[in-house]
Amino acid sequence: MWTSEPKGKLDVMAAMTRSAGQPVDGMVGITNGPEDDHLDWLSINWRQVTDDVRRLRQRIFTATQAGDLKRVRNLQKLMLRSRANTLLGVRRVTELNVGRATAGVDGRVVVLAQDKADLADWAQRQDRTGWTPMPVKRVFIPKPGTKKRRGLGIPVIADRCLQAQTLGALEPEWEARFEPKSYGFRPGRGCRDAIGAIYSTLNGPNPQRVWILDADLTAAFDRIDHHRLLTSLGTFPAGDRIEQWLTAGVVEDGRFTPTREGTPQGGL
């Protein structure tokens, strides 16, 4: 018996569309249509696009649970070519993400509807024309509860769109693999879910664990081994693209530094 992929980001996007008062029915739905079609960003049927991506994500999730790796990889290739997946990725980084107005090293942000449409058309072509990732921009933000600052690596908007596109193919596979009680950096999960799980465990009829371990790994993201990370991805179709992001480097105060380990916090 297969379970369904947890609902999360896609449901939030659909809900935001409706709550913002944007028209849904009667709009143009553009999913995997011809690439030379003129894309009218303001007429995209986001409900249809979201549903198309959700169905494909569910197929990847189910194939992973079944252990059918060949089918998983074929579906992931389909997702990476999906027009709907690209549209959702561009919408996420230009309209929904908190950092949508934060530029990378190229100083570019995308605000106008036509620019978003052009960005989606560009991203759709990258599996054939190729793209060399740009280094991330290092910025520092206050770390809550301390006087320390946390470093972020901000990719350029183009890389963020391609990362969102890649995430659409990679995430459902790993959602099917992850432990059921892990809550960090997962769609549809967060601190409240972890708190609820802890409460249920400690207040059960016969609790076996009556203690909590609170631990923090120093500079955990800064020390992630690239080789081990890429090896865990196996034959994922966009593995080479992920490797390029990992090694694209960092620019801080105008100085470039290569990245031989770690992953930047600030991308997708």
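Residues numbered from 1 in each chain as written. Predicted model: local features only at pLDDT ≥ 70, side-chain atom pairs only at ≥ 80, totals over all residues. Heavy atoms only, no water.

Thoughts on the overall build of the protein
- Within the protein, the secondary structure is distributed over 10 helices and four strands.
- Within the protein, the fraction of its 268 residues that count as buried is 39%.
- As displayed, the protein offers around 16000 Å² of accessible surface, 54% of which is attributable to carbon and sulfur atoms. (Helix = DSSP H or I, 4+ residues; strand = E, 2+ residues; numbered from the N terminus. Buried < 20%, exposed > 50% of the residue type's maximum accessible area, 1.4 Å probe, protein only. Areas by Shrake-Rupley, 256 points an atom, 1.4 Å probe, with all protein chains shown as cover.)

Here's the deal with the packing of helix 4 (residues 83–96) against helix 7 (residues 157–175)
- At their nearest, the axes of helix 4 and helix 7 sit 8 Å apart, and the two run at 130° to each other. Considering the angle they form, helix 4 stands oblique to helix 7. For the pair helix 4 and helix 7, the crossing hand works out as right-handed. Contacts between helix 4 and helix 7 pair Asn-85, Thr-86, Gly-89, Val-90, Arg-92, Val-93 and Thr-94 from the former with Ile-157, Arg-160, Cys-161, Ala-164, Gln-165, Leu-167 and Gly-168 from the latter.
- Per-class residue counts for the contact of helix 4 with helix 7 are six nonpolar, six polar and two charged. (Axes fitted to C-alpha atoms, helices over the stretch in contact; angles between N-to-C directions. Parallel < 35°, antiparallel > 145°, perpendicular 65-115°, else oblique. Left-handed = near helix turned anticlockwise from the far one by under 90°. Contact = heavy atoms within 4.5 Å. Nonpolar A, V, L, I, M, F, W, Y, C, P; charged D, E, K, R; others polar.)

Observations regarding the sheet that holds strand 4 (residues 255–257)
- Within the open sheet, the four strands sit side by side as 2-1-3-4. Their pairing is mixed. Of all the strands in the sheet, just strand 2 (149–154) and strand 4 have a single pairing partner and so form its edges. Direction aside, neighbouring strands of the sheet carry axes that sit 40° apart on average.
- In this sheet, strand 3 (residues 250–252) lies alongside strand 1 (residues 136–142) in parallel orientation, the contact comprising two bridges. For Val-136, the partnering residue across the bridge sits in strand 3 and is Val-250. (Pairing = 2+ DSSP bridges.)

Some points on the pairing of strand 2
- With six bridges joining them, strand 1 and strand 2 adopt antiparallel strand pairing. Along strand 2, the bridge assignment pairs Pro-142 with Arg-149.
- What sits between strand 1 and strand 2 in their antiparallel hairpin is a turn of six residues, with Gly-145 showing a positive phi close to 80°.

Some remarks on the side chain of Thr-259
- Assignment of secondary structure puts Thr-259 in the segment after strand 4.
- With residues up to four places along the chain from it excluded, the contact list for Thr-259 reads His-226, Leu-246, Thr-247, Ala-248, Gly-249 and Val-250.

Some points on the packing of aromatic side chains
- Under the counting rule described, the total for this entry stands at four aromatic pairs.
- Judged by centre distance (5.1 Å) and plane angle (65°), the rings of Trp-41 and Trp-46 are edge-to-face.
- Consider the rings of Phe-185 and Phe-221, whose centres lie 5.6 Å apart with planes at 80°: the pair is edge-to-face. Residue Phe-185 is found in the loop between helix 7 and helix 8 (191–202), and its partner Phe-221 is found in the loop between helix 8 and helix 9 (226–233); the two are separated by 36 residues along the sequence. (Phe/Tyr/Trp six-rings, centres within 6.5 Å; stacked < 30°, edge-to-face > 60°.)

Examining the nonpolar core
- Residues Trp-41 and Leu-87 are the most contacted members of the largest nonpolar core, which totals 39 residues.
- Contributing elements (two or more residues each) for this core: helix 2 (46–65), helix 3 (69–81), helix 4, helix 5 (113–124), helix 7 and helix 10 (239–246).
- Counting residues per element, this core draws most heavily on helix 7, at eight residues.
- Apart from the residues lying within four places of it in its own chain, the contact partners of Trp-41 are Trp-46, Leu-87, Val-90, Arg-91, Glu-95, Ala-113, Lys-116, Ala-117 and Ala-120. (Core = buried A, V, L, I, M, F, W, Y, C linked by side-chain atoms within 4.5 Å.)

Remember that the coordinates give geometry; whether it matters functionally is a separate question.
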